[in-house]
Amino acid sequence: DLMEFMSELYDGTAQERYTRKTKLESAKRVYVSFISTTTPYLYTIMRPELFLQGTANRFIFCLFKEPNVTKYTTDEFFIPFARSEEFDRKNVEFGDFLGNLRLTISRGGWMIGVLKDAGELLLKYREECVTKSSILWKTSRPSDFEYSYIIRQPEICLKLAAIKSVSDFKRSIFKTALREINITVEQAAWAVAKMRVYEENFRKMIVDW
């Protein structure tokens, strides 16, 4: 039930419910961000149903890689009070910005468009994923789920490109009369490169699991 609920939230809907006062209620325009972290212990309890049902097909997987040991100076490692105050102030400012951005979008603000070259790049990536997924489908057993994960990647790639577009434009977003933000070819290429890394992480996770 929880997986089904999370899948619906990801797709922008929420389950209807009955209340005494207003009877049938439904949430519209649902926007949810979900982030979680875990240890390799997850592999002992994770089941294929997580993918077969569809919830995990919506996830981006980031695997820990052994970092290079970084050497710090005392000034870098121990943050003085003045810098700590500065961090707090910047966090509050950024939080206010995100709040204003959310209000503007929910009131019918900006639309996300795609420039032609960027669209061609995103469609080329989509075609690549569809081809790989089709091959996996023809060679897999019914209980395999790799194909269903790969086919979902173009949709996630488009979302990443849109987020990157808004992020790059954020300093000017309240200073213009424009009502459309266009994904550029650079932003599309950035998103595709990210998706290739995430797919590599997914494949490594399957092997480790």
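1. So, the nonpolar core
By size, the foremost hydrophobic cluster in this structure holds 27 residues, and its most contacted members are Phe-51, Phe-61, Cys-157, Met-195, Phe-202 and Met-205. Elements with a minimum of two residues in this core: helix 6 (116-139), helix 7 (146-150), helix 8 (153-169) and helix 9 (185-208). With 7 residues, helix 9 is the largest single contributor of residues to this core. If we ignore the near neighbours within four places in the chain, the residues touching Cys-157 are Leu-122, Tyr-125, Ala-191, Val-192 and Met-195. With 6 residues, the next largest nonpolar core counts Phe-97, Val-166, Ile-173 and Ile-181 among its residues.

2. What to know about the pattern of salt bridges
Opposite charge on two side chains permits them to pair, given that their charged atoms come into close proximity. For the coordinates displayed, the defined rule picks out 11 salt bridges. The closest approach of N and O atoms between Glu-155 and Arg-152, which form a salt bridge, is 3.1 Å. Judged by relative accessible area, which is 31%, Glu-155 ranks as partly exposed. For Arg-152, a relative accessible area of 18% gives the class buried. A salt bridge links Lys-159 to Glu-155; its shortest N-O distance comes to 3.4 Å.

3. A few points about the packing of aromatic side chains
What describes a pair of aromatic rings is the distance from one ring centre to the other and the angle between the planes of the rings. The final tally for this structure, using the stated rule, is 15 aromatic pairs. A centroid spacing of 5.9 Å and a plane angle of 25° characterise the contact between Phe-34 and Phe-59, whose relative ring orientation is stacked. You can see Phe-34 sitting in the loop between strand 2 (23-25) and helix 2 (42-45) and its partner Phe-59 sitting in the loop between helix 3 (49-52) and helix 4 (74-77), a full 25 residues away along the chain. We classify Phe-34 as exposed; its relative accessible area is 54%. In this structure Phe-59 comes out as partly exposed when scored by relative accessible area, which is 23%. Between Phe-59 and Phe-61 the ring centres are 6.3 Å apart and the planes differ by 65°, which places this aromatic pair in the edge-to-face class.

4. Comments concerning the environment of Ile-150
Along the chain, the position of Ile-150 falls in helix 7. A C-alpha to C-alpha distance of 7.9 Å links Ile-150 and Glu-199, two positions 49 residues apart in sequence. Setting aside chain neighbours within four positions, we find Ile-150 in contact with Cys-129, Lys-132, Ser-133, Leu-136, Glu-199 and Arg-203.

5. Considerations on a nonpolar patch on the surface
On the surface, Tyr-72, Phe-77 and Phe-78 cluster together into a nonpolar patch covering about 390 Å² of accessible area. Considering the arrangement of structural elements, one finds Tyr-72 in the loop between helix 3 and helix 4.

6. Structural notes on helix 8
For helix 8, with 17 residues, the first-to-last C-alpha span of 24 Å sits near the 24 Å given by 1.5 Å per residue. Those residues of helix 8 that fall on the buried side of the exposure criterion are Gln-153, Pro-154, Ile-156, Cys-157, Leu-160, Ala-161, Ala-162, Ser-165 and Val-166.

7. A closer look at the packing of helix 8 against helix 9
Two elements in contact, helix 8 and helix 9, have axes separated by 8 Å at closest approach and are oriented at 135°. In this view, helix 8 runs oblique relative to helix 9, as classed from their interaxial angle. Viewed along their axes, helix 8 and helix 9 form a crossing whose handedness is right-handed. Of helix 9, the residues touching helix 8 (which contributes Gln-153, Ile-156, Cys-157, Leu-160, Ala-161, Lys-164, Ser-165 and Asp-168) are Gln-187, Ala-188, Trp-190, Ala-191, Val-192, Lys-194, Met-195 and Tyr-198. For the contact of helix 8 with helix 9, the residue count by class is 10 nonpolar, 3 polar and 3 charged.

8. A look at the packing of helix 6 against helix 8
At a minimum axis separation of 9 Å, helix 6 and helix 8 run at an interaxial angle of 155°. With respect to their mutual orientation, helix 6 and helix 8 come out roughly antiparallel. Relative to helix 8, helix 6 is oriented so that their crossing is right-handed. Residues Leu-122, Tyr-125, Arg-126 and Cys-129 of helix 6 lie in contact with helix 8, whose contacting residues are Gln-153, Pro-154, Cys-157 and Leu-158.

How each quantity is defined
- Residues numbered from 1 in each chain as written.
- Predicted model: local features only at pLDDT ≥ 70, side-chain atom pairs only at ≥ 80, totals over all residues.
- Heavy atoms only, no water.
- Core = buried A, V, L, I, M, F, W, Y, C linked by side-chain atoms within 4.5 Å.
- Buried < 20%, exposed > 50% of the residue type's maximum accessible area, 1.4 Å probe, protein only.
- Helix = DSSP H or I, 4+ residues; strand = E, 2+ residues; numbered from the N terminus.
- Contact = heavy atoms within 4.5 Å.
- Salt bridge = Lys/Arg side-chain N within 4 Å of Asp/Glu carboxyl O.
- Phe/Tyr/Trp six-rings, centres within 6.5 Å; stacked < 30°, edge-to-face > 60°.
- Patch = residues over 30% accessible without salt bridge, like charges linked within 9 Å, V, L, I, M, F, W, Y side chains within 5 Å.
- Areas by Shrake-Rupley, 256 points an atom, 1.4 Å probe, with all protein chains shown as cover.
- Expected span 1.5 Å × (residues − 1).
- Axes fitted to C-alpha atoms, helices over the stretch in contact; angles between N-to-C directions.
- Parallel < 35°, antiparallel > 145°, perpendicular 65-115°, else oblique.
- Left-handed = near helix turned anticlockwise from the far one by under 90°.
- Nonpolar A, V, L, I, M, F, W, Y, C, P; charged D, E, K, R; others polar.

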